[in-house]
Amino acid sequence: ARRHRHREGRTMLARKSGMLPLHRWSRRASSNLSRFVGAQSEYTPTLKFLYPHVDSLPPAFPAFRLIDDAGVPVDGAVLPEIDPEKMRQMQKTMVRVSEFDKVFNDAQRQGRLSFYFTNRGEEACSVGSGAALQDDDWVWPQYRELGATFWRGYTIEEAANQCCHNELDATKGRQLPMHIGSPDKCLMYVKSNLGQQVPAANGAAYAMKLLRKGRCAITYFGEGCASEGDIPSALNIASVHGCPTIFFCRNNGYAISTHTDDQYKSDGIAPRGVAFGMPSIRVDGNDLLAVYAATQMARQIAVEQGRPSLIEAMTYRIGAHSTSDDDSKYRRPESPEAGFDSERAYWDARSPIIRFGSFLEARGLWSAEEEEALRKVERARSIKALNDAEKVAGPHVKHLFTDVYDKLPWMLKDQQAALKAHLLKYREHYKDVPAAHVDSL
């Protein structure tokens, strides 16, 4: 009776949170073939990176998974040893990401933010990988790694200040919203130019190797970004120089305005790692435990073997690419299985949060009631952080000129003087710029 109440509670919670519950029939054994948009292959419970010049490549990379869509361990699964409280924190972090996303995506639609990226459907990729690293390993994100960022201790309030571009924003208003980071936490900043973080991660990784720090770097990118020239260059550099870099590709099926059919005709991204000389694996990116275990092994390869590796995490992007994107123009409507109204509904039912929550619930570590209460807390905190951040003054205008040169060159001094003169002359038109900022420019 207790398990029945929990199941009903999770179903009600899934509906409230905007995520559809898994259909009862889906708990029965079904095809062992994955149905991800980016690549279809057989599932395997075996954690094995395929090595170049050692392993024979199969026609299609298998997808490593440990728990099925209902959160039940698959036959032959060897689960990673994770402290129960750490598993609970991983689930809590995914919930925090989910609620923050809802509040700030809505805020953008209300005209309070200029831009936003959501993480919905991909929470396990960032939280699972982030939790498997050491806190001093370098993280070079793309833009859907809010979970790894929160895991490092970056706060909701810090994220809100950055999104609102106030004077507490560490990027001083120079970045788009959600282009977050924290060098103190070994989190490099998100950048808008696509793919630049991938080769740069090799520099950090190689430095750790030269200094014998026993640390590595992880860099994230999508399957669409993998079409950028930076990616093959970065893979080759890492292999040739033995950089302890983890290349983490989130294959969510869609780049902005682009289905994977328009990106490649190969077997996803994983074979590219082997082609460039590094151990590679494909994982079920919605299985938090599989992502954790694979990243843990990738870190071991990096630090102990002194070489890079590639993880292709198969997942699904529930939302649009960003608030600037209309995904109805290119997203495929058909569900891969009967019983669902759309492709989106099919994958929403397989939310990593519902899935891992079911796994924890079966072990007495989680409940629908706890999650519902937590969602209310995280939502309230996110709303308060947004409201508070909006009330803080903007960055000082002097930061248009700082942080590039150690000593300001003459041409920037001239521009700064011209800006000050302009603001003084037309002060009535710049009421949002504090007088103290103008006078001290």
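Described below are features of the structure shown in this document. (Residues numbered from 1 in each chain as written. Predicted model: local features only at pLDDT ≥ 70, side-chain atom pairs only at ≥ 80, totals over all residues. Heavy atoms only, no water.)

**Focus on the overall build of the protein chain**
At step 1: Across its full length, the protein chain carries 14 helices and nine strands.
At step 2: By its C-alpha atoms, the protein chain is 75 × 55 × 40 Å across when sized along the principal axes.
At step 3: Within the protein chain, the proportion of its 441 residues that are buried is 55%.
At step 4: Within the protein chain, contacts between residues at least 6 apart in sequence are counted, and of these 72% link residues at least 24 apart.
At step 5: Total accessible area computed for the protein chain in this model is approximately 19,400 Å², and 52% of it derives from carbon and sulfur atoms.
At step 6: The centroid of the 58 positive side-chain charges in the protein chain is displaced by 2 Å from the centroid of its 55 negative side-chain charges. (Helix = DSSP H or I, 4+ residues; strand = E, 2+ residues; numbered from the N terminus. Buried < 20%, exposed > 50% of the residue type's maximum accessible area, 1.4 Å probe, protein only. Contact = heavy atoms within 4.5 Å. Areas by Shrake-Rupley, 256 points an atom, 1.4 Å probe, with all protein chains shown as cover. Lys, Arg positive; Asp, Glu negative; His and termini not counted. Charge placed at Lys NZ, Arg CZ, Asp CG, Glu CD.)

**Some words on the side chain of Ser280**
At step 1: With respect to the element layout, Ser280 can be found in strand 8 (residues 280-284).
At step 2: If sequence neighbours within four positions are ignored, Ser280 has contacts with Lys48, Phe49, Leu50, Phe61, Ala270, Gly273, Val274 and Leu310.

**Notes on a nonpolar patch on the surface**
At step 1: Residues Tyr206, Leu210 and Leu211 make up a contiguous nonpolar surface patch of about 300 Å² in total accessible area.
At step 2: By the element assignment, Leu211 lies in the loop between helix 6 (197-210) and strand 4 (217-222). (Patch = residues over 30% accessible without salt bridge, like charges linked within 9 Å, V, L, I, M, F, W, Y side chains within 5 Å. Salt bridge = Lys/Arg side-chain N within 4 Å of Asp/Glu carboxyl O.)

**Brief notes about the pattern of salt bridges**
At step 1: Per the counting criterion, the structure on display carries 32 salt bridges.
At step 2: A salt bridge links Arg65 to Asp284, with the nearest nitrogen and oxygen atoms 3.2 Å apart. Of this pair, Arg65 sits in the loop between strand 2 (63-64) and helix 2 (84-109) while Asp284 sits in strand 8; the two residues are 219 residues apart in sequence, bridging distant segments of the chain.
At step 3: For the salt bridge of Arg88 with Glu85, the shortest nitrogen-to-oxygen distance reads 3.5 Å. With Arg88 and Glu85 both in helix 2, this residue pair falls three residues apart, about one helical turn.
At step 4: The class for Arg88 is buried, based on a relative accessible area of 16%.
At step 5: Overall, the relative accessible area of 38% leaves Glu85 in the partly exposed class.
At step 6: Each of the salt bridges in this network shares a partner with another, and the network as a whole consists of Arg65, Asp69, Asp284, Arg350 and Arg355.

**Some points on the sheet that holds strand 8**
Strand pairing in a sheet relies on backbone hydrogen bonds, with the paired strands running either antiparallel or parallel.
At step 1: Read from one edge of the open sheet, seven strands run 1-2-8-9-5-4-3, paired in parallel fashion. Unpaired on one side and paired on the other, strand 1 (43-44) and strand 3 (138-140) mark the two borders of the sheet.
At step 2: In this structure, strand 8 lies alongside strand 9 (residues 309-314), joined through five bridges in parallel fashion. Considered in strand 9, the bridge of Ser280 is made with Leu310.
At step 3: Against the sheet, helix 3 (residues 123-132) contacts strand 4, strand 5 (245-251) and strand 9, and its axis sits at roughly 170° relative to strand 4. (Pairing = 2+ DSSP bridges. Axes fitted to C-alpha atoms, helices over the stretch in contact; angles between N-to-C directions.)

**Remarks on the packing of helix 5 (residues 156-164) against helix 12 (residues 368-391)**
At step 1: In contact at an axis separation of 9 Å, helix 5 and helix 12 are set at 40° when each is read in the N-to-C sense. The orientation of helix 5 relative to helix 12 falls into the category oblique. In this structure, helix 5 meets helix 12 at a crossing whose hand is right-handed. Each of Ile156, Glu157, Ala160, Asn161 and Cys164 in helix 5 lies in contact with helix 12, whose residues at this interface are Glu378, Arg381, Ser382, Ala385, Leu386, Ala389 and Glu390.
At step 2: In terms of residue class, the contact of helix 5 with helix 12 is built from six nonpolar, two polar and four charged. (Parallel < 35°, antiparallel > 145°, perpendicular 65-115°, else oblique. Left-handed = near helix turned anticlockwise from the far one by under 90°. Nonpolar A, V, L, I, M, F, W, Y, C, P; charged D, E, K, R; others polar.)

**Examining helix 12**
At step 1: Along its 24 residues, helix 12 runs 35 Å from first to last C-alpha, staying within 8% of the 34 Å computed at 1.5 Å per residue.
At step 2: Listed as buried for helix 12 are Ala368, Glu371, Leu374, Arg375, Glu378, Ser382, Ala385, Leu386 and Ala389. (Expected span 1.5 Å × (residues − 1).)

**A closer look at empty space enclosed by the protein**
At step 1: Here the structure, examined in full by the defined rule, presents one cavity of 30 Å³ or more.
At step 2: Its boundaries defined by the atoms lining it, the largest cavity holds a volume of some 60 Å³.
At step 3: Pro141, Gln142, Tyr143, Arg144, Glu145, Leu146, Thr149, Met178, Ile180 and Val190 together form the lining of the largest cavity.
At step 4: Here the lining of the largest cavity is built from residues that sort into six nonpolar, two polar and two charged. (1 Å grid on protein atoms, 1.4 Å probe; cavity = no way out; pocket = protein on both sides within 12 Å on 5 of 7 lines; lining within 4 Å. Points joined across faces, edges and corners; volume = space filled by probe spheres on them.)

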